[in-house]
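Per-entry structural report
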Amino acid sequence: MSIQSTIQSKLPSLPPASARVGMAIIADPSRVLNHTISELAQLCKTSDPSVVRFCQAIGFSGYAGLRLALATELGREGAAAEEHPAPQFGGDLNPGSTLAETVARIRFTETMGIEETTRNLDLAVLEQAVTAVSAARRINLYGVGSGTVVAEDLRYKLFRIGLTVNAFPNVDNALMGASLMGPEDVAIAFSHGGETASVVDFLRMAKARGATTLVITNVADSAAAKIAALHLLTVVRETPFRAGAMASRISQLAVVDCLFVGIAQQCFDGAVNALEVTHQAVRGPGNTDRA
């Protein structure tokens, strides 16, 4: 995972002083290269030890290690930008952008989100999730906002291969569904930040009933990730204009596709048969307009 994406994913769980350092670096990564530790601490209204603690929180022993690694990363991204001109990954949109610039920025942000997400996907956890869903009596899905779109996408895919699956449109239905779950069931939630109260409640309820719980989120230290037995991480850098929110949805869909294909491979014959049967059911005799 890139340093900038690591910082983005850690921000919600950092203490205020460290979070200010992280936000300053996300806003302008070159600050680390151009400022001493004391200058960065002063800019962030904190102390040198707080900057060191921030460095340790994202996996470095100190400021020197962060500077070296970030210089390498920025150099690599700069070279890529020269070869394939595109907006800065994670950069914001603005009213003055042309339509062509907007399209290029969205393409770059979403492509990088998918690339970093799939490259860093924990395959051991993915395999556990595939095994659990494949054997589940029932799968309950829940997400809020753009997470509802992702939940419905997975519901449709699993439904097409013959699995018993529900995607709930609101928290009341989600909690009722979770309250009826048992050890043979799987609950899957979608939350970019992992702190949405209704998502956490859904996972907590399902876990209390003995169901296997999985969350797809961007933040490993989030409340949802701590409750769920399994978590699969997206890697997306948010932006004030929420171009990152679009990328987070696309990255979650990429994880869903990996999960679905793994499940279909595990029950290959049944999945292929179900796809063919449902395809024929939609087409109907002599009808080629649907399916």
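Anything mentioned here points back to the structure above.
**Quick word on the pattern of salt bridges**
Side chains bearing opposite charge may pair, as long as their charged atoms lie close to each other. Here the structure, examined in full by the defined rule, presents nine salt bridges. Of the charged contacts in the structure, one is a salt bridge between Arg138 and Asp185, with a shortest N-O distance of 3.3 Å. Note that Arg138 is positioned in the loop between helix H8 (123–135) and strand E1 (139–143) and Asp185 in the loop between helix H10 (171–179) and strand E3 (186–190), a separation of 47 residues in sequence. The buried category is assigned to Asp185, whose relative accessible area is 0%.

**With respect to the environment of Arg20**
Structurally, Arg20 is set in helix H2 (residues 16–27). Side-chain polar atoms of Arg20 contact the backbone oxygen of Cys44, separated by 2.8 Å. Separated by 3.0 Å, the side chain of Arg20 and the backbone oxygen of Lys45 make a polar contact.

**Focus: the pairing of strand E4 (residues 212–217)**
Among the six residues in E4, five count as buried, and that is most of the element. The pairing of E3 with E4 spans five bridges and is classified as parallel. The partner of Ala187 across the bridge, within E4, is Thr213. In this fold, the crossover linking E3 to E4 by way of helix H11 (residues 197–208) has right-handed handedness. Relative to strand E5 (residues 230–233), E4 is paired through four bridges, and the arrangement is parallel. Paired with Leu214 across the strands is Leu230, a residue of E5.

What counts and what doesn't
- Residues numbered from 1 in each chain as written.
- Predicted model: local features only at pLDDT ≥ 70, side-chain atom pairs only at ≥ 80, totals over all residues.
- Heavy atoms only, no water.
- Salt bridge = Lys/Arg side-chain N within 4 Å of Asp/Glu carboxyl O.
- Helix = DSSP H or I, 4+ residues; strand = E, 2+ residues; numbered from the N terminus.
- Buried < 20%, exposed > 50% of the residue type's maximum accessible area, 1.4 Å probe, protein only.
- Polar contact = N/O pair within 3.5 Å; in protein donor to acceptor, adjacent residues only side chain to side chain.
- Pairing = 2+ DSSP bridges.
- Right-handed = clockwise from strand over helix to strand, strands pointing away.

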